[in-house]
Each structure stands twice: as C-alpha cells, then as structure tokens.
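A look at the structure
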Amino acid sequence: MTEAITQIRAKGLRTAVLSNNFYFPEGRSFLPLDRKQFDVVVESCLEGICKPDPRIYQLCLERLGLQPSESIFLDDLGPNLKAAASLGIHTIKVRDPETAVKELEALLGFTLRASIPNTRPVRKTMEIPKESLEKYLKDLLGIQTTGPLELLQFDHGQSNPTYYIRLANHQLVLRKKPPGALLPSAHAVEREFSRIMKALAKAGVPVPNVVDLCEDSSVIGTPFYLMEYCPGLIYKDPSLPGLEPSQRRAIYTAMNRVLCKIHSVDLQAAGLEDYGKHGDYIPRQVQTWIKQYRASETSTILAMERLIEWLPLHLPHQQRTTVVHGDFRLDNLLFHPEKPEVLAVLDWELSTLGDPLADVAYSCMAHYLPSSCPVLRGFNDRDLTQLGIPTAEEYFRMYCLHMGIPPIENWNFYMAFCFFRVGAILQGVYKRSLTGQASSATAEQTGKLTEFMFNLAWDFAVKEGFRVFKEMPVTKPLTRSYHAWAGPQSPLSPTGTRSYSSIPEASPAPASKGALVISPGGLRPPVRELYERLDRFMKQRVYPAEPELQSHQAAEDRWRPAPLIEDLKEKAKAEGLWNLFLPLETDPEKKYGAGLTNVEYAHLCELMGTSLYAPEIFNCSAPDTGNMELLVRYGTEEQKARWLTPLLEGRARSCFAMTEPQVASSDATNIEASIREEDRFYVINGHKWWITGVLDPRCQLCVFMGKTDPHAPSHQQQSVLLVPMDTPGIKIIRPLTVYGLEDAPGGHGEIRFEHVRVPKENMVLGRGRGFEIAQGRLGPGRIHHCMRLIGFSERALALMKARVKSRVAFGKPLVEQGTVLADIAQSRVEIEQARLLVLKAAHLMDVAGNKAAALDIAMIKMVAPSMACHVIDRAIQAFGAAGLSSDYPLAQFFAWARALRFADGPDEVHRATVAKMELKHRT
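Residues numbered from 1 in each chain as written. Predicted model: local features only at pLDDT ≥ 70, side-chain atom pairs only at ≥ 80, totals over all residues. Heavy atoms only, no water.

**Overview of the overall build of the protein**
A count of helices and strands for the protein gives 27 helices and 25 strands. Burial analysis of the protein (923 residues in total) assigns 54% to the buried set. In the protein, the proportion of contacts linking residues at least 24 apart, taken out of those at least 6 apart, comes to 70%. (Helix = DSSP H or I, 4+ residues; strand = E, 2+ residues; numbered from the N terminus. Buried < 20%, exposed > 50% of the residue type's maximum accessible area, 1.4 Å probe, protein only. Contact = heavy atoms within 4.5 Å.)

**Overview of the pattern of salt bridges**
A full pass over the atoms with the stated rule returns 52 salt bridges. Notably, a salt bridge pairs R633 with E629, separated by 3.0 Å at the nearest N-O pair. Of this pair, R633 and E629 both sit in helix α21 (residues 624–634), four residues apart, which is roughly one turn of that helix. On the accessibility criterion, E629 (1% relative accessible area) is buried. (Salt bridge = Lys/Arg side-chain N within 4 Å of Asp/Glu carboxyl O.)

**Structural notes on the pairing of strand β4 (residues 90–93)**
For a regular strand, the rule is simple: side chains alternate between the two faces of the sheet. Relative to β4, strand β3 (residues 72–75) runs parallel, the two sharing four bridges. Counterpart to L74 in the pairing with β4 is I92. Between the parallel elements β3 and β4, the chain passes through helix α4 (residues 78–86) in a crossover that is right-handed. (Pairing = 2+ DSSP bridges. Right-handed = clockwise from strand over helix to strand, strands pointing away.)

**A few points about helix α1 (residues 2–10)**
Looking only at α1, the buried set comprises A4, I5, Q7 and I8. Summarising the axial view, the buried residues of α1 lie within an arc of 165°, below the 170-degree limit, and thus occupy one face. Each element contacted by the buried residues of α1 is listed here: α5 (97–108) and β5 (119–120). Trailing α1 by a residue or two, G12 shows a phi angle of about 90°, which is positive. (Arc of directions from axis to C-beta.)

**Side note on the sheet that holds strand β6 (residues 150–154)**
A sheet is described by the order of its strands in space; here six strands give the open sequence β5-β6-β7-β8-β10-β9, paired in antiparallel fashion. The open sheet terminates on both sides in strands that have one partner only, identified here as β5 and β9 (210–214).

**Describing the packing of aromatic side chains**
What the rule picks out here adds up to 19 aromatic pairs. Ring geometry for Y164 versus Y229: centroids 5.1 Å apart, planes at 80°, classification edge-to-face. Placement of the pair is Y164 in strand β7 (residues 162–167) and Y229 in the loop between β10 (224–228) and α8 (245–263), with a sequence separation of 65 residues. Residue classification places Y164 among the buried residues on the basis of a relative accessible area of 0%. Classification of Y229 by relative accessible area gives buried; the value is 16%. (Phe/Tyr/Trp six-rings, centres within 6.5 Å; stacked < 30°, edge-to-face > 60°.)

**Quick notes on the nonpolar core**
Counting residues in hydrophobic clusters, the biggest one holds 101 residues, and the most contacted among them are W348, F419 and F420. Considering every element that reaches this core, the biggest residue donor is helix α15 (residues 411–433), with twelve residues. Apart from the residues lying within four places of it in its own chain, the contact partners of F419 are M365, Y368, L369, M453, F454, L456, A457 and F460. The next biggest cluster of nonpolar side chains, apart from the first, holds 99 residues, and it includes L516, Y543, A572 and F893. (Core = buried A, V, L, I, M, F, W, Y, C linked by side-chain atoms within 4.5 Å.)

**A few points about the side chain of Q892**
Summarising the element assignment, Q892 is placed in helix α26 (residues 890–899). By relative accessible area, Q892 is classed as buried at 13%. If near-sequence neighbours (up to four positions away) are discounted, Q892 is found in contact with Q550, Q553, L612, Y613, L741 and D743.

**Here we look at unusual backbone geometry**
Of note, the bond from A622 into P623 is cis; its omega dihedral lies within 30 degrees of zero at 0°. Of note, the bond from A744 into P745 is cis; its omega dihedral lies within 30 degrees of zero at 5°. On the secondary structure map, P745 appears in the loop between β22 (730–736) and β23 (748–759). Despite not being glycine, A168 has its phi angle at roughly 55°, a positive value. With relative accessibility at 39%, the residue A168 sits in the partly exposed group. One non-glycine residue, N579, lies in the positive phi region at around 50°. Counting through the fold element by element, N579 comes out in the loop between α18 (563–574) and α19 (598–608). We classify N579 as buried; its relative accessible area is 6%.

**Digging into the environment of A555**
Within the fold, A555 resides in the loop between α17 (525–554) and α18. With relative accessibility at 25%, the residue A555 sits in the partly exposed group. Residues A555 and A744, spaced 189 residues apart in sequence, show a C-alpha to C-alpha distance of 9.8 Å.

**Overview of the packing of helix α10 (residues 281–296) against α15**
Where α10 contacts α15, the axes come no closer than 9 Å and their chain directions differ by 30°. As far as their axial angle goes, α15 and α10 are roughly parallel. Once α10 is placed against α15, the crossing between them reads as left-handed. Contact residues: α10 offers Y281, I282, Q285, V286, W289, I290, Y293, A295 and S296, while α15 offers F413, Y414, F417, F420, R421, A424, I425, Q427, G428 and K431. Its residues assigned to classes, the contact of α10 with α15 shows 13 nonpolar, four polar and two charged. (Axes fitted to C-alpha atoms, helices over the stretch in contact; angles between N-to-C directions. Parallel < 35°, antiparallel > 145°, perpendicular 65-115°, else oblique. Left-handed = near helix turned anticlockwise from the far one by under 90°. Nonpolar A, V, L, I, M, F, W, Y, C, P; charged D, E, K, R; others polar.)

**Here's the deal with the side chain of D237**
Its location among the elements puts D237 in the loop between β10 and α8. Look at D237 and you get buried, because its relative accessible area is 18%. Of the polar contacts made by the side chain of D237, one reaches the side chain of R377; its length is 3.0 Å. For D237, the contacting residues outside a window of four places in its chain are L330 and R377. (Polar contact = N/O pair within 3.5 Å; in protein donor to acceptor, adjacent residues only side chain to side chain.)

**Thoughts on the environment of S44**
As for its placement among the helices and strands, S44 is situated in helix α2 (residues 44–47). Between the C-alpha atoms of S44 and S19, which are 25 residues apart in sequence, the distance is 6.2 Å.

**Things to note about the packing of α17 against α18**
As a packed pair, α17 and α18 sit with axes 10 Å apart at the nearest point and diverge in direction by 165°. Here α17 is positioned roughly antiparallel relative to α18, judged by the angle of their axes. Note on packing geometry: the crossing formed by α17 with α18 is left-handed. In contact with F537, R541, A545, E548, L549 and H552 of α17, α18 contributes P563, L564, I565, L568, K571 and A572.

**Some remarks on the pairing of strand β17 (residues 653–657)**
The buried count for β17 comes to five of five residues, which makes it a mostly enclosed element. Residues R653, C655 and A657 line one face of β17 and the alternating positions S654 and F656 line the opposite face, and both faces are buried. With five bridges connecting them, β17 and strand β20 (residues 699–707) associate as parallel partners. Counterpart to S654 in the pairing with β20 is L701.

**Quick notes on the state of the cysteines**
Scanning the entire structure with this criterion turns up zero disulfides. No disulfide involves C655; its sulfur sits 3.8 Å from that of C702, the nearest cysteine. The buried category is assigned to C655, whose relative accessible area is 0%. (Disulfide = S-S within 2.5 Å.)

**Some points on the confidence of the model for the protein**
Scored by pLDDT, the protein has a mean of 85; 89% of the residues are at 70 or more. Here residues 474–513 scores under 50 on pLDDT; set against residues more than four positions off or in separate chains, the count is 92 contacts. (pLDDT = per-residue confidence, 0-100.)

**Observations regarding the environment of A168**
Position of A168 relative to the elements: it lies in the loop between β7 and β8 (170–176). Through-space distance from the C-alpha of A168 to that of K138 is 9.8 Å; in sequence the pair is 30 residues apart.

Spelled out as structure tokens, the structure:
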C-alpha cells in the first residue's frame, strides 16, 4: 500500500487517511502510519464523529477539495464502505492488499507497483532527452528494432542522478553528472568509471559490471556512464525493519566483510597505485571539504567555524593506505534478495587512496543518528540488542579482528571528521537545491540537516578533546598542605572557615593541566571565588536556619516541604549557587551546570556537607544529582525536556528504585522486579524499598531498574525506565526509618509496582543497559557522598573541640583529659587521610575517566563512611548524653554515615573489589 501511495502521488493525485484513531494521555497519537504519505489526515477522536457517520466522509472530501465521484475509498469493513457508497464515492473492499491494489489500478488506469524497486518517475528538473539517448544506446548495443525506451529515476542518493533504463531486452543503469555549474573536482563520473570500478572488479570486489562511458555532453547534457542492471535489495532504512534480529546482524556482518575486502585490495596488482596520493589523506580531505563548503556556503554556521579551526590541529597519524570508498554506508550496497550477501558496492564518486578508518567510521554514522533524521536515517534511539544490530564498538572490533589490526583510541576524531564531511556534502546539495539542480527530491530538507551534522561533529570533537586531556601526565609537584581551623565558634556551626595555606604560595595551576588541587586555595580563581561565595552563604543563611529546619522535621506537617528551604533555594539560585554538581566532562558546554571538574566540585561538596540541609538548598542533593547526570549522559532530547529541565530548575524531585526486600540487593544481579513488553508499553511489576525521596510530594520521577531479560548474560538482564510517579499501579506502602529518623519530607519508602504501564520511549539507552547506566551514574555520586561525609566529620570535630574547651569533669577541663586529646588527634589524622584519598579518586576521574578510577572509588567507599562513623562517635562521646539528642546535628550525622556504609554498595562489596584488583594487578 505504501508503494501504491507513492505511485499515486507521483501522478499528482491527492491522498487522505480517514481514521477512527485515539490519542494517549500524554498527547501522542496512536496512528501507526507515516503522516507524510497523506495530504489530509482526518481523525475521529479530534472531530468528535467517526465512521460510518456520513459527516466524517464529507469533512474529508471538503479538505481534499473533491466531489464524491472524484474519490475512491478503501476499507475492510462493510458498514464503512456502505456509508461512503451512499454519498457517491467509489469503494473498494480490502480483503487482502494485493487484490485491492489490482482493483485500484483498474479504477485509476495506471500501474501502482513499480517493477523496479527504489525507482520513481523522473523528476521534472532531472529529465533527460530520451530520443538522443535512445539513438546512442541503439548504436552502442547494436539494436535494430525496439519497443519504447523505459526510463525511471532511482529515488535516493544525494549526488549524481542515477536512472534505470529498459530498451528491448537490455536493462541498464545510467549515472550522470548533475546539470548546471558544479563545484571543483566534484561529480567525476569519468574517474569513477574508468579507473576504480574496472580495477576493483578484477580484484574480486563486488561492483556493477560497467558497459560504457560517454563524455559527449551533447547526448543528454552531461557526461555519463552505463552499468548493467543487477536485481537486488537496497536497504534504505539502516534499522532494517521487517527482518529478524539474526538477519540484521548477518546483513551488518556482510557489510563489514565487504569493507574489509575493499581495504585488502593489492594496489599494485590492481593498477591503483596512482589512484590517489599516499599518506596525509585526512589533512587533504579536511582542506578539500573546507573549500567545498566555502564554495557552497549560504550562511554562517558556528559549529562549522569551530571545526574548521579544530580539525587541522588534531589530525591523526595515518597507519595504512588503501582504497577508500568515501561514502560507504548501507544504502550504497546492493544485497542478494534471499541471503546476506553483497552483490555490488555502489557510488564510487568519492573513492581514492586514503585512511581506511575513515570508511569504517563513515559506515557507523547511523549508530549516532536518530530514526527521524531526514535524508540520512539512523537508529541511536533504538534498542540495538533487540534489533540484533552490532553496536558501533562491536562493528569496529569485528573490522579490526578481520583485518588483523589493533583498535584505535581516537575513534571520536574519525567520527567528527565523518560528520564534518557529510555536513559539507549536504551543504553542497542544499546549495544546488536552491537552483533546482539537486538529484534527490529531499534535497531542500538538507538546509537544516547540515547544521545538525556540524553540531554532531563538534560533539565528537569535544569528546576527543577530553580523551586527549585525560592522557596528559601530571607534571607539577604537589606542595600544598593544610593548617588548622580558625575563627569564631558557635555551638551549631563550624568553628569558622577551614582555611588553607600553600607552601610556598603559588598561583593555581590551570584546570587543563590536570593538577590535583588539595585545598580550596589552589582552585582556579573563578572556582575559588565560587567557593568563597558558597562559604558566605552557608555562614549567613544556612547555619542560622538549621534550628527552624530541624523543628520542621519533627512537626506534624513534616511531610510537606519546608517553606524556609524553598526560600533559601531561590536565594541560592539568585546568587549563582545552583546546580554545581555536573562534571565538566559530562557537560562540556556548561549547558546544565557550573562546569566544574570532579576535584573542584569535591571542595564545594565538602563545604555543603557541613550541614544536613545545604545540598538540597543548592540543588545538589542525592538522588537528584545522580538522576540528573543520568539524563544528561544517556537521556534522549525528549526525556531531557520532560524530566531534566524541571529537576534542574528545582521544580521537581526524583528517586532511584533498585533495592528489593526479597533479595540481597548488594548483588544487583539478584533484583527480581520485571519489565515486560506489551504493545507500545513496558509493564512493570516489583517490590522495592529504601527508595530515598519517594515520599516527597515534589517527587515526579522514579528511575526504575528491573529485568527485561532474565535469560541474558547476568549484567545484560537489567534495564532502566523513567517512570512518572503519577502512573497508576505505584503504591507507597510505608516510610522506613533510619535509627528512628524519618528524614521527612523525602523519606525512604517501601513501594510496590503493580502492572505499571510505561511508554516504550521512557527506556533509557536501551534494553539490557541498566548496569552500564548505574555505573556511569554512581562514579561522581560516590565522590559526592564521600566529600559530604568529610564535611560531616569536620563539623563534628569542630563541635567536639568547642565542647571540650567549655566543659569540666573530674576537676579539670575535658580538653586537658588525655583520652580527649588522643581522640581529637586521631580524628584529625583520619579526616586528612580520607580527604586526600577522595580527592585522588576525583582527580583520576577527571584525567583518566570513571573506569580507570574504579579501584580508588571502591577504596573511598570503604574508608570515608567508616572514618565518619569513628569521628562522629568520638564527638558524641565528648558531648555525653546531649550528643544523642536533636539539639545538635551529631545524631543525624552518625545515622547518615552509618547508612552510607550500605548506600552505593555495602563495605563488603567494596573490600572484595579492592582485594580482587590488588591480587590481579599488583605484585
């Protein structure tokens, strides 16, 4: 039917769909059709009337501008057809599509099924003189008597127009230059025919059989060449709809293998040693496409200007020189109709000698493009595991294994280069579309797409920059040390600011050098100024508010957010002390946060940790921080718009649901909550507990982890879904307490999910990617927890020192008791050790990445909570019974510190991790 609609519209006729459709609650249409196929769409749910009511047919005819006798209505239901016929509309009952199409052809008087796949009538701007072409072909092929020449245009491709020709018993493909003025060296069909295709055919590469090259422009207006027509399949949609997962994998494996065959051609034996220059392929390509872009530039595109500056400064060293296709992607391959075999590689216009890795990267572009992308479709919003398509990493490893080469590290550069080049090509297509010279009917769409491609290329350039940054060695010796606290004392606030001295005093090293900054005094000037503003805000607004906030937690309306917290949030936002937590690597353009490194934020996080209420005031509290980072790293643009924006603005809160009461959730492979597919939804069933923040009335989002495939490998069974908290089936059973504390208004809830239906687009990253997401989310979160624990400990030690100076026991001040002095000394040493270890882990995350810092992250999770428990316990002991009360923050500090020996994994798990890594990597 889709093919029939295409042929109908090609004849200039109009089409409509008349649907008894409905919409989902969130406003998404159920209609499972491409609306672009129709001139008019009439939906009963919007009009308030439905088939077979005659009024809806009349409404459809009015919008089409037709009389009943000028229209044909197809349906499978008798009452609908009867109502249409009563108005004078021609009707066809659809029992099966084939029969219906035949009846429709009889009524219309022309065929609706193109005998040649992927062709269409020749576009008006691409018409060629059939008479002179027919004369040329008769002379070439020695044809005496013939029937009429059949000419169709292939309906995809953005460069050289390509046509199907049938003349007598000959079927040919004609490929020509586009009309009009062309960019220098572009569209060289002569080179494509004479050099590369003939040579590759002899070398065993599957290419079409070439017939003749005509350089006489008088025949059809431009030079062209002819090939034999080869029946086969061209897959224009890279997600390969309609195939089984195993078939899709086989198609991509065949694509990979034929690329290896191209790159294995012996240049000397094939006579292609002089087909292009040897070496410096990428530098030459960059300059070529910059020139081509400038020649077709229609407006200034910021991302392209950045790329033009960046690419020449970050060129890779070319390891090999091979034939490169230059435009190697799935829809330039012709496949066997019945098996995953490439019959022919098409479109050699951009081929030359060069760096084969550029071809590999180019063939992976679909992995990074959305399925809605015009002109060049992708599948980055699809579940590759479910589709059966190899990931870009798997595809590249497959290539390297077959070619016998090691994988490269600068993959991001090659992807940046590919999208830069595609953008430049599309800019040329767009420029030609303005004059009607473009081959493709979709050329005009490329105007917006060009900028999208350049932005995508710049995203990869930024990623490559971070990779290089992480590999830079630390060359500066670290000489800073600490001195003790100083300043006025208060029973409810730290004893002033923890100030640091540098020995010797030196200007801070720039962040780009990757220096480990062990004191706030060594931070970059703007970050140091931010730290000082945060410190002032804590002293002037947060510590004084603590008594009122503590009282609210015990009040009758404690499950309602404290108005004072909301007021302080607005003040913090006004002073620029907001969303400080996102690491610079996750948010390099500072779209969402302050653009701090993990080390820089660690110092601010410690300061916030001196108050139980501060993290929320600055929108830097868990679990929101981890969930926001999850959305930034892995969320689609739609998911970010719906959830990330309100979380960043502080209008909503969120929770993370993983732990379950029935199983030991310290081993997350144990979780039993199920995620089952059902039509366009996932259905969740499960029992979760210790879900922090779920009781907060502002909690709008639950990030849910459950099993989508219990039979997959253990770390590929879990998936992550974004579940709106107002979805039917979510039942909060009770709030749980921590040492008797409720932690209102967020609390720690026990909840059940019973047949909770979530739209499929709420899946994060894809099925089976839950562990990957959880690990990406936890790295920075563990740094945050540990630095807040150090803040707890500093506050506890400050309170302890103030207490022992003011109390007398057994005839002398407590501060003169030997055990007290020993406790103070021990606490200081333990805090300093833990801080240095946490800062080292943060530093490694900044310069080497979360994975490389795994050992250090495990060590800080072992060390920091236990250290905090010891230090806070000593402070409580110094306070006596008062330390157990809510008059001081010590009891809550201790409860949180003890709880954090479970959160993000229990001590035993981290000890086991450290031990295994120690035994594996150390002697």
